[in-house]
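In case you want the letters, here they are:
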Amino acid sequence: MAETHVIRLADVRKTYSNGDIEFQALRGVTLDINAGEYVAVIGPSGSGKSTLMNILGCLDVATSGRYEIGGEDVSQMDESQLAEIRGRRVGFVFQQFNLLASMPAWRNVELPLCYAGVGPAERKRRAIAALQDVGLGDKVNNRPGQLSGGQQQRVTIARALVTEPTLLLADEPTGNLDSSSAREILDIVDQVHRSGRTVVLITHDRDVAGRADRLIEVRDGRILEPNKAALAAAVER
Ligand SMILES: Nc1ncnc2c1ncn2[C@@H]1O[C@H](COP(=O)(O)OP(=O)(O)OP(=O)(O)O)[C@@H](O)[C@H]1O
Ligand SMILES: [Mg+2]
């Protein structure tokens with residue numbers, strides 16, 4: 001079967017348990033995302049967006065339901081198998097940069113390649129190339145503290161892409177940035193999408209969401225019917 005769907009979720013549920021208190025963060029999510037698609041995820045705080053993202057990125061597992069990534073069923077995988085999938089398929093960008101302060105940019109970017117067992121010379125070459133791709137070719141030796149917020153976020157994008165994943169997941173990547181740095185980051189995300197990667201981006205900002213091919217709205221752990229508002233508007237016309 002041709003691999004048109006990078007992501008297939010079928011009735012995915014996630015229940016968090018703290019002692020005897022349970023909370024259903026995802027209540028039956030069914031969703032396909034096509035290869036090369038750019039999907040924006042919106043929804044109120046606490047609706048389950050990050051929970052969904054963590055499952056998509058194999059950082060966490062669903063309580064029930066089925067999840068396939070690139071045709072592989074990951075719902076039943078153990079932690080080491082999930083780690084392998086993450087390393088091979090997924091790049092993450094978060095609101096917090098999570099960069100190592102004592103290391104120059106290129107060392108931060110090469111880290112995922114260390115885990116992947118790539119040799120030192122190749123790691124450095126690829127890390128510098130990834131930094132050049134995000135416009136930081138002249139900052140490879142700067143430590144995070146010597147970079148602006150927008151530049152630090154570009155380093156994290158380089159780090160996410162250095163392993164050449166097919167899927168880029170971004171959870172509020174512009175949340176800590178001023179509007180002009182945010183635009184720069186979104187321009188880079190657009191570029192990543194144009195290069196053929198699948199992008200899933202969580203945002204609170206509908207303007208940000210306007211750049212995507214598709215908008216998914218999460219409410220109370222469920223995905224709202226697609227394009228309801230658009231349909232209603234079309235009917236009114
Ligand atoms: N580890 C956890 N244990 C218990 N409850 C959790 C845990 N993680 C998240 N939750 C709860 O699950 C719900 C969804 O959380 P999630 O982080 O997915 O929301 P979100 O849509 O990303 O919100 P935000 O926009 O504020 O980032 C929230 O009510 C949250 O309190
Ligand atoms: Mg969140």
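You'll find the structure just up there.
Small disclaimer: the values here were computed from a predicted structure and weren't measured.

The next point concerns the site of ligand 1. Ser 45, Gly 46, Lys 49, Ser 50 and Thr 51 are the nearest of the 13 residues found near ligand 1. Taking Lys 49, its side chain carries an N or O atom lying 2.7 Å from an oxygen atom of ligand 1. Ser 50 is positioned such that a nitrogen or oxygen atom in its side chain is 2.9 Å from an oxygen atom of ligand 1. When isolated, ligand 1 has an accessible area of 640 Å², and the protein chains bury 63% of it.

Our focus in this paragraph is the sheet that holds strand E8 (residues 198-202). Spatially, E6-E7-E8-E3-E9-E10 is the arrangement adopted by the six strands of the open sheet, whose pairing is mixed. Edge positions in the open sheet fall to strand E6 (90-94) and strand E10 (222-223), since each of these has one partner strand only. In this sheet, strand E7 (residues 167-171) lies alongside E6 in parallel orientation, the contact comprising five bridges. Note on E7: the bridge partner recorded for Phe 92 is Leu 169. Of the strands in this sheet, E6 and E7 touch helix H2 (residues 79-89), which is tilted by about 85° from E6.

What follows covers the packing of helix H5 (residues 149-161) against helix H6 (residues 179-194). It is the contact of H5 with H6, at a shortest axis distance of 9 Å, that shows an interaxial angle of 20°. The orientation of H5 with respect to H6, classified from their angle, is roughly parallel. Seen from above, H5 lies across H6 with right-handed handedness. Contacts between H5 and H6 pair Gly 150, Gln 153, Arg 154, Ile 157 and Leu 161 from the former with Ser 181, Glu 184, Ile 185, Ile 188 and Val 192 from the latter. Per-class residue counts for the contact of H5 with H6 are five nonpolar, three polar and two charged.

Turning next to the environment of Gln 96. Tracing the chain through its elements places Gln 96 in the loop between E6 and helix H3 (105-115). Residue classification places Gln 96 among the partly exposed positions, given a relative accessible area of 47%. It is 17 Å that separates the C-alpha atoms of Gln 96 and Ser 45, two residues lying 51 residues apart in sequence.

With respect to the helices, strands and loops of the structure, His 193 is situated in helix H6. Looking at His 193, its side chain comes within polar contact range of the side chain of Asp 213, at 3.4 Å. Apart from residues lying up to four places away in sequence, His 193 is in contact with Gly 36, Glu 37, Tyr 38, Val 199 and Asp 213.

Conventions we followed
Residues numbered from 1 in each chain as written. Chains lettered and ligands numbered in written order. Predicted model: local features only at pLDDT ≥ 70, side-chain atom pairs only at ≥ 80, totals over all residues. Heavy atoms only, no water. Near = heavy atom within 4 Å. Polar contact = N/O pair within 3.5 Å; in protein donor to acceptor, adjacent residues only side chain to side chain. Areas by Shrake-Rupley, 256 points an atom, 1.4 Å probe, with all protein chains shown as cover. Pairing = 2+ DSSP bridges. Helix = DSSP H or I, 4+ residues; strand = E, 2+ residues; numbered from the N terminus. Contact = heavy atoms within 4.5 Å. Axes fitted to C-alpha atoms, helices over the stretch in contact; angles between N-to-C directions. Parallel < 35°, antiparallel > 145°, perpendicular 65-115°, else oblique. Left-handed = near helix turned anticlockwise from the far one by under 90°. Nonpolar A, V, L, I, M, F, W, Y, C, P; charged D, E, K, R; others polar. Buried < 20%, exposed > 50% of the residue type's maximum accessible area, 1.4 Å probe, protein only.

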